[in-house]
Amino acid sequence: MKIQVIDPLESRRQRLRSIFVVRALRVLERLAPRILQLVARFRDVPQDTGTVGHECNIEVALADGTRFRAEARDSRLIKALDAALKRVLRRIEAARERRMAREGMTALPAPGKA
């Protein structure tokens with residue numbers, strides 16, 4: 001898996017990379033064997049209140065050739081990262097469910113449920 005972190009501020013790139021790797025692998029651990037590339041882009045954006053907010057773009061490339069992208073903004077960088085990771089995971093799961101529905105498969109019920 002290739003992991004790339006893009007941030008215009010060189011001084012915080014290494015710290016962001018370590019935070020991103022830990023959080024991304026925790027959220028996407030079930031998909032990790034199928035992920036070819038994981039890219040995070042961070043940038044500071046102005047907010048309505050005149051303060052600086054943060055934007056996080058996540059791009060995931062899977063082994064089957066599909067790509068998923070999600071974006072989130074927040075006043076706190078970690079919150080933007082977590083929101084973008086959750087969004088990209090939801091998009092991957094939704095695409096999987098649509099594919100299974102098209103192919104006539106159904107997901108297995110959770111253990112203990114009929």
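All of these numbers come straight from a predicted model, not from anything done at the bench.

Caption draft 1: Fine view of helix H1 (residues 13-27). The end-to-end C-alpha separation of H1 is 21 Å, in line with the 21 Å expected for 15 residues at 1.5 Å each. Along H1, the positions that sit buried rather than exposed are Leu16, Phe20 and Ala24. Along the long axis of H1, the arc covered by the buried residues comes to 50°, so they all point the same way. For H1, the exposed residues set more than 90 degrees away from the buried face come down to Gln14, Arg15, Val22 and Arg26. As for H1, its buried residues are in contact with strand E1 (2-6), strand E2 (35-46), strand E3 (52-62) and helix H2 (77-102).

Caption draft 2: Structural detail: the environment of Ile3. Within the secondary structure, Ile3 is located in strand E1. As for Ile3 and Gln37, which are separated by 34 residues in sequence, their C-alpha atoms are 5.9 Å apart. Not counting the four nearest positions on each side in its chain, Ile3 is found in contact with Arg17, Phe20, Val21 and Leu38.

Caption draft 3: Just the pairing of E1, in detail. Because side chains alternate across E1, one face comprises the buried residues Ile3 and Val5, and the other comprises Lys2, Gln4 and Ile6, none of which is buried. Pairing analysis gives 5 bridges linking E1 to E2, with the strands arranged parallel. Bridge pairing links Gln4 to Val39 in E2. With H1 bridging E1 and the parallel E2, this β-α-β connection has left-handed handedness.

Procedures and definitions
- Residues numbered from 1 in each chain as written.
- Predicted model: local features only at pLDDT ≥ 70, side-chain atom pairs only at ≥ 80, totals over all residues.
- Heavy atoms only, no water.
- Helix = DSSP H or I, 4+ residues; strand = E, 2+ residues; numbered from the N terminus.
- Expected span 1.5 Å × (residues − 1).
- Buried < 20%, exposed > 50% of the residue type's maximum accessible area, 1.4 Å probe, protein only.
- Arc of directions from axis to C-beta.
- Contact = heavy atoms within 4.5 Å.
- Pairing = 2+ DSSP bridges.
- Right-handed = clockwise from strand over helix to strand, strands pointing away.

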